[in-house]
Amino acid sequence: MKDEKSGVTQKEVGGSSDKFWNPRFWDGMTMGAWARAAWKGGFRFAPSRVAMAGIISGLSVVNSGLTFGQKLFYGGKIRRTALKSDPVFIIGHWRSGTTLLHEYMIRDKQFTFSDTYVCFAPSHFLFSGPLFRPWVQWLMPAKRPMDNMVAGLERPQEDEFALCAYGLPSPYLDILYPNTPPIDPDYLTLRKITPDQRKHWLDVFEYFLKTLTVADNKTIILKSPPHTGRIRTILERFPNAKFVHINRNPYTLFPSTYTLWMKLAQTHGVQHPKGIGLEEKILSNFEEMYAAFEEDLPLLKPNQFYDVSYDELVKEPVALLEKIYGTLEIDGFEESREAFANFASTQKSYKKNKFQISPEIQEAISRRWSGYIQKYGYEAP
């Protein structure tokens with residue numbers, strides 16, 4: 001299928017088809033969080049998505065009640081809890097392989113992580129999980145909408161969706177309103193927000209991590225592409241955090257990212273995505289994210305950062321993980337070697353999406369992402 005707006009030909013794209021009963025990222029929002037999100041888009045719901053917005057509105061009432069229950073039973077414990085250690089962050093552009101690397105590293109039982117249910121319902125998962133997880137799991141699709149990765153409530157998920165559900169500003173609200181101007185673009189890197197806004201973001205983020213620690217008192221390993229441009233801010237609160245960055249061929253990243261945003265908007269948006277402005281959004285977000293990333297790298301000590309390539313992860317995953325553990329000075333690799341190898345064996349038959357891009361898009365990538373291309377030695381197809 002060719003999208004004339006993007007110059008992207010989707011030759012072979014996997015993923016699940018949307019069903020009306022599938023959970024949406026916004027289903028775990030409280031009334032206040034949902035009201036703010038709906039207001040930011042001017043309540044511009046497509047007629048065919050009014051029912052979806054109505055369901056989310058109804059669920060927000062339930063979520064507010066469950067959030068009150070969690071605060072009542074767990075609030076004090078969450079506030080008193082200290083993290084076992086500063087987190088490990090997997091970072092990199094969307095579609096670079098962050099999910100696959102996350103899937104590998106969570107096989108190490110010394111880590112805990114935010115799964116899909118946690119990110120859907122961050123404000124009450126401790127309280128509601130035992131009752132609601134089995135029912136919500138039954139409604140989940142078997143695969144993610146944009147590729148052939150397995151989906152499920154127990155699968156690792158981006159913590160950015162949890163922050164959205166809390167009601168924090170996030171560029172991910174563009175998924176909700178794909179046909180409006182960008183929402184909260186300054187929160188991509190947190191560079192342009194005020195000190196008070198940054199402190200509030202960090203306070204909510206830390207509260208979320210404390211809640212995860214109450215559930216499972218282990219080192220937390222997270223993955224979320226926006227954190228690629230937020231290293232400086234993260235270090236303000238977690239100075240000993242460790243970062244694993246994954247890079248991938250940018251001529252693959254662009255069409256795959258285009259499909260990601262279109263598929264997510266089709267599944268989780270209250271508007272039918274037209275793709276208007278999406279090409280420029282992908283190009284400019286990449287530039288902004290990696291400008292901040294390169295600026296922040298000198299802040300990290302040698303044992304806080306490791307850079308890997310997607311190709312190496314696919315080709316020699318266990319050997320790569322051994323290098324990551326050695327560089328970041330993380331103990332326990334040998335104890336998890338077998339688990340890593342077992343997971344690697346399940347990935348041999350994985351079928352990747354296939355795309356073709358127009359000469360115009362290829363030229364724009366070569367010109368505007370040249371620093372990344374030169375740094376990692378990629379070539380145009």
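Residues numbered from 1 in each chain as written. Predicted model: local features only at pLDDT ≥ 70, side-chain atom pairs only at ≥ 80, totals over all residues. Heavy atoms only, no water.

1. Concerning the packing of aromatic side chains
Formally: Two rings from Phe, Tyr or Trp (for Trp, the six-membered ring) form a pair when their centres are within 6.5 Å of each other. A pair whose planes differ by under 30 degrees is stacked, one over 60 is edge-to-face, and the rest are tilted. We count a stretch as a helix when DSSP gives it H or I for four or more residues in a row; a strand needs E for two or more, and each element gets its number in order from the N terminus. Type-normalised accessible area, obtained with a 1.4 Å probe on protein chains alone, sets the label of each residue: buried when under 20%, exposed when over 50%, and partly exposed for intermediate values. Two conditions define a charge located above a ring, namely a distance within 6 Å from the ring centre to NZ of Lys or CZ of Arg, and an angle within 35 degrees of the ring normal.
One pass over the structure, following the stated rule, counts 29 aromatic pairs. Relative to F208, the ring of Y166 has its centre 6.1 Å away and its plane inclined at 80°; by these criteria the two rings are edge-to-face. Linking Y166 in helix α6 (residues 159-166) with F208 in helix α8 (residues 195-215), this pair joins segments that are 42 residues apart in sequence. Each of the two residues, Y166 as well as F208, counts as buried. When the ring of F333 is compared with that of F340, the centres are 5.8 Å apart and the planes differ by 35°; the resulting orientation is tilted. Here F340 falls in the buried class, since its relative accessible area comes to 0%. Each member of the aromatic cluster is reached from another via a ring pair, and the members are F254, F286, Y290, F293, F305, W369, Y372, Y376 and Y378. The side chain of R248 reaches across the aromatic face of Y310, ending 3.8 Å from its centre. The ring of W261 carries the charged tip of K281 above its face, separated from the ring centre by 5.7 Å.

2. Looking at the pattern of salt bridges
The condition that has to hold: Every case where a carboxyl oxygen of Asp or Glu lies within 4 Å of a side-chain nitrogen of Lys or Arg is listed as a salt bridge.
Using the criterion set out here, one finds 23 salt bridges in the structure. A salt bridge links E280 to R368; its shortest N-O distance comes to 2.8 Å. With E280 in helix α11 (residues 278-296) and R368 in helix α15 (residues 359-368), this residue pair connects regions lying 88 residues apart in the sequence. Take E280: its relative accessible area is 40%, and that puts it in the partly exposed class. A salt bridge links E363 to R367; the nearest nitrogen and oxygen atoms lie 3.0 Å apart. Within this pair, E363 and its partner R367 are both found in helix α15, separated by four residues, close to a single helical turn. For E363, a relative accessible area of 40% gives the class partly exposed. Overlapping salt bridges bring together E103, R107, E154 and R155 as one network.

3. Notes on a nonpolar patch on the surface
Worth spelling out the cut-off: Like-charged residues are merged into a patch within 9 Å and nonpolar side chains (Val, Leu, Ile, Met, Phe, Trp, Tyr) within 5 Å, provided each residue has over 30% relative accessible area and no salt bridge. Areas reported here follow the Shrake-Rupley algorithm with a probe of radius 1.4 Å; residue values treat only the protein chains shown as occluding.
A grouping of F68, L72, F73 and F127 is seen on the molecular surface, where their side chains present a nonpolar patch of about 470 Å² in accessible area. It is helix α2 (residues 50-80) that provides the largest number of residues to the nonpolar patch, a total of three residues. Along the chain, L72 turns up in helix α2.

4. Examining α2
In plain terms, the rule: A residue's bend is given by the angle between axes fitted to the 7 residues ending at it and the 7 residues starting at it.
Along α2, the largest kink reaches about 65° and is centred on Y74. Along α2, the residues that are buried comprise M52, A53, I56, S60, N63, S64, L66, T67, G69, Q70, G75 and I78.

5. Things to note about the environment of P225
Relative to the assigned elements, P225 resides in the loop between β5 (219-223) and α9 (231-237). It is 8.1 Å that separates the C-alpha atoms of P225 and E158, two residues lying 67 residues apart in sequence.

6. A short note on the packing of α11 against α15
In plain terms, the rule: To get an axis, fit a line to the C-alpha atoms, keeping to the stretch in contact for a helix; angles then go from 0 to 180 degrees between the N-to-C directions. Relative orientations are named as follows: roughly parallel for angles under 35 degrees, roughly antiparallel for angles over 145 degrees, roughly perpendicular for angles from 65 to 115 degrees, and oblique for any other angle. In this scheme the crossing of two helices becomes right-handed for a clockwise turn of the near helix relative to the far one and left-handed for an anticlockwise turn of less than a right angle. Between two residues, a contact is recorded if the distance between any of their heavy atoms is within 4.5 Å. When residues are sorted by character, Ala, Val, Leu, Ile, Met, Phe, Trp, Tyr, Cys and Pro go into the nonpolar class, Asp, Glu, Lys and Arg into the charged class, and all the rest, Gly among them, into the polar class.
The geometry of α11 relative to α15 is characterised by a closest axis approach of 11 Å and an angle of 15° between their N-to-C directions. Relative to α15, the element α11 is oriented roughly parallel. For the crossing formed where α11 meets α15, the hand is right-handed. For the pair α11 and α15, the contacting residues are E279, E280, L283, S284 and E287 in the first and I361, A364, I365 and R368 in the second. Of the residues that constitute the contact of α11 with α15, the class distribution is four nonpolar, one polar and four charged.

7. Focus: the sheet that holds β5
Cut-off, in case you're wondering: At least two DSSP bridges between two strands are required for those strands to pair.
Strand order in the open sheet made by the five strands is β4-β5-β3-β6-β7, with parallel pairing throughout. The open sheet is flanked by β4 (111-112) and β7 (305-309), the only strands paired with a single partner. Relative to β5, strand β3 (residues 88-91) runs parallel, the two sharing three bridges. Along β5, the bridge assignment pairs V88 with I221.

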